[in-house]
Amino acid sequence: MNPVVDLEIIKSALLYGEPADAMDRIESRMKRIKRLTDIGEKQYTDHVLFLSKMKEYLQGNLSTSDLHDFLIKKNIFQMDDYETFVESFVYFCEYSRDRYNLKFPNYDSKRCDDL
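How each quantity is defined
Residues numbered from 1 in each chain as written. Predicted model: local features only at pLDDT ≥ 70, side-chain atom pairs only at ≥ 80, totals over all residues. Heavy atoms only, no water. Salt bridge = Lys/Arg side-chain N within 4 Å of Asp/Glu carboxyl O. Helix = DSSP H or I, 4+ residues; strand = E, 2+ residues; numbered from the N terminus. Buried < 20%, exposed > 50% of the residue type's maximum accessible area, 1.4 Å probe, protein only. Phe/Tyr/Trp six-rings, centres within 6.5 Å; stacked < 30°, edge-to-face > 60°. Lys NZ or Arg CZ within 6 Å of the ring centre and 35° of its normal.

*Asks:* I'd like a description of the pattern of salt bridges, backed by residues and values.
*Replies:* The tally for this structure, following the rule as stated, stands at six salt bridges. Note that Asp6 and Arg25 form a salt bridge whose closest N and O atoms lie 2.6 Å from each other. Of this pair, Asp6 sits in helix H1 (residues 3-15) while Arg25 is found in helix H2 (residues 19-38), placing the two residues 19 residues apart along the sequence. Accessibility expressed as a relative area gives 1% for Asp6, which makes it buried. Judged by its relative accessible area of 19%, Arg25 is buried. Each member of the salt-bridge network shares a partner with another, and the members are Asp6, Arg25 and Arg29.

*Asks:* Any chance you could break down the packing of aromatic side chains for me, citing the residues and the numbers?
*Replies:* In the structure shown here, the tally under the stated rule is six aromatic pairs. Each ring, one from Phe50 and one from Phe89, has its centre 6.5 Å from the other, and the planes form 50 degrees; the classification is tilted. Taken together, the positions of Phe50 in helix H3 (residues 45-59) and Phe89 in helix H5 (residues 82-100) put the pair 39 residues apart, joining distant regions of the chain. Consider the rings of Phe85 and Phe89, whose centres lie 5.8 Å apart with planes at 20 degrees: the pair is stacked. Here Phe85 and its partner Phe89 are both found in helix H5, four residues apart, which amounts to about one turn of the helix. Among the residues examined, Phe89 registers a relative accessible area of 2% and is labelled buried. Among the aromatic residues, those joined into a cluster by ring pairs are Phe50, Phe77, Tyr82, Phe85 and Phe89. Geometry around Phe70 places Lys53 over its ring, the cationic atom sitting 5.7 Å from the centre. Stacked on the ring of Tyr57, the Lys or Arg Arg97 has its end atom at 3.9 Å from the ring centre.

Put into structure tokens, the structure is as follows:
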């Protein structure tokens, strides 16, 4: 399992204003990882933790600064310039949440400034 693939799918869903798709990906991936762990596959602790934090973030239970601190502390994704990635990803998440007024599942698929 590659957490970067999940990250990109979640980002794409948020970009296009589809938080339900992001939440579906998060929940289905968490179930799959649980099944794999139950049958004796390797542990995906950091991956599950990332998915659960993203779920909390989309539900409005986690602040942007808490998401930032979590990502910096855990260093889940293997990237050359990890701190720059975290800064841009957190900005992207905040932008999406603000633009679409996200607080899943209370979401009306309109931007916050639409009439």
